[in-house]
Amino acid sequence: MSPTDHYRQTPRNGTEQSTTTETNDAGDGDTPSETGAVEGLIEELVESQTNELRDELDALERQIETVDDFARISLNERKVKQNEAKLSEFSESLTAFAEKAFNNINALEDRLDRQALLLVAILDSLEDDVDLSTVRRYENDRLIADTAPNERLAAAIQGADPNEK
C-alpha cells in the first residue's frame, strides 16, 4: 500500500464505515465520496444539536407551566388567607356589636325594673289618697287584650258562674 492510500473511519447513522480514499493530483484531498461523508456528518451533528435544543425547550416550557401553576396556587392561597383574616375581623366586630347590644338590653331592662319598682312604691304610698280605679281598669283591659280568645271565654265563664265568689 502506498503512503497516499489511507483508511478513514467516519460515523454514519450510528455505524462506522471504512472508506479508502486517494489523494488526487490537485492535492486538495477531497473526493466526491469524502465530501458527501462530511456533509452527512455535519447534517447529523446539526440534527442532533437541534433535537437537543428542542428537548431543552420542551423541558423549559414544562418548567414555566409548573412555575405558572405554582404562582396561581400561591396567589389563590394568599387570597384565601386574606379573606380568612377579613372574615375573622368581621366576626370579631360582629361579636363586639352583639355584646354591646346585649349589655344595652340588660341596662334597659334594669332601668325598667327600677322604674316599675319605683312606680309600685309610689302607687302603694298613694293608694289611700288616690283613686286608682282608672289604673286598675286599664290593667284589666290590657290583660284582656293580651290574652287569647279561648282564655277570655274561659275567664268569662268562670266569672258568670253563680257558685263562685
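Residues numbered from 1 in each chain as written. Predicted model: local features only at pLDDT ≥ 70, side-chain atom pairs only at ≥ 80, totals over all residues. Heavy atoms only, no water.

By the naming in an unreviewed UniProt entry, the chain is Nucleotide exchange factor GrpE, taken from Natrinema soli.

Attention shifts here to the overall build of the chain. Scanning the chain for helices and strands turns up three helices and two strands. Helices (α) and strands (β) of the chain occur, in sequence order from the N terminus, as β-β-α-α-α. Working note: accessible area of the chain is about 14700 Å², and carbon and sulfur atoms make up 56% of it. (Helix = DSSP H or I, 4+ residues; strand = E, 2+ residues; numbered from the N terminus. Areas by Shrake-Rupley, 256 points an atom, 1.4 Å probe, with all protein chains shown as cover.)

Let us now look at the UniProt feature "coiled-coil region" (unreviewed entry) in the chain. Per the UniProt record, "coiled-coil region" (unreviewed entry) is found at residues 43-70. Helix and strand shares over residues 43-70 are 100% and 0% respectively, and the end C-alpha atoms of the span are 40 Å apart. (UniProt positions renumbered as here; feature names shortened; annotations may be inferred.)

With that out of the way, let us pick up the environment of Arg72. The topology assignment puts Arg72 in helix 1 (residues 32-126). Judged by relative accessible area, which is 45%, Arg72 ranks as partly exposed. Only 3.2 Å separates the side chain of Arg72 from the side chain of Asp69, close enough to count as a polar contact. (Buried < 20%, exposed > 50% of the residue type's maximum accessible area, 1.4 Å probe, protein only. Polar contact = N/O pair within 3.5 Å; in protein donor to acceptor, adjacent residues only side chain to side chain.)

Our next topic: a negative patch on the surface. On the surface, Glu52, Asp55, Glu56, Asp58, Glu61 and Glu65 cluster together to form a negatively charged patch. Along the chain, Asp58 falls in helix 1. (Patch = residues over 30% accessible without salt bridge, like charges linked within 9 Å, V, L, I, M, F, W, Y side chains within 5 Å. Salt bridge = Lys/Arg side-chain N within 4 Å of Asp/Glu carboxyl O. Lys, Arg positive; Asp, Glu negative; His and termini not counted. Charge placed at Lys NZ, Arg CZ, Asp CG, Glu CD.)

Turning to the pattern of salt bridges, a few remarks are in order. Tallying each qualifying case throughout the model produces two salt bridges. Notably, a salt bridge pairs Asp68 with Arg72, separated by 2.4 Å at the nearest N-O pair. Of the two residues, Asp68 and Arg72 both sit in helix 1, four residues apart, roughly one turn of that helix. Classification of Asp68 by relative accessible area gives partly exposed; the value is 37%. For Arg72, the salt bridge is made with Asp69, and the minimal N-O distance between the two is 3.2 Å. Taken together, the positions of Arg72 and Asp69, both in helix 1 and three residues apart, correspond to about one turn of that helix. What makes Asp69 partly exposed here is its relative accessible area of 37%. Overlapping salt bridges, with partners in common, bring together Asp68, Asp69 and Arg72 in one network.

Together, Leu87, Phe90, Leu94 and Phe97 make up a nonpolar patch on the protein surface, roughly 460 Å² of accessible area in all. Relative to the elements of secondary structure, Phe90 occurs in helix 1.

To continue, consider the confidence of the model for the chain. Interpretation of the predicted coordinates at a detailed level should be avoided for regions scoring low in pLDDT. Averaged over all residues, the pLDDT of the chain equals 76, while 71% of them reach at least 70. Of all helices and strands in the chain, the one with the weakest mean pLDDT is strand 2 (residues 15-22) (44), whereas helix 1 scores best (89). Across residues 14-27, confidence stays below pLDDT 50; counting only partners more than four residues off in sequence or on other chains, it has 27 contacts. (pLDDT = per-residue confidence, 0-100. Contact = heavy atoms within 4.5 Å.)

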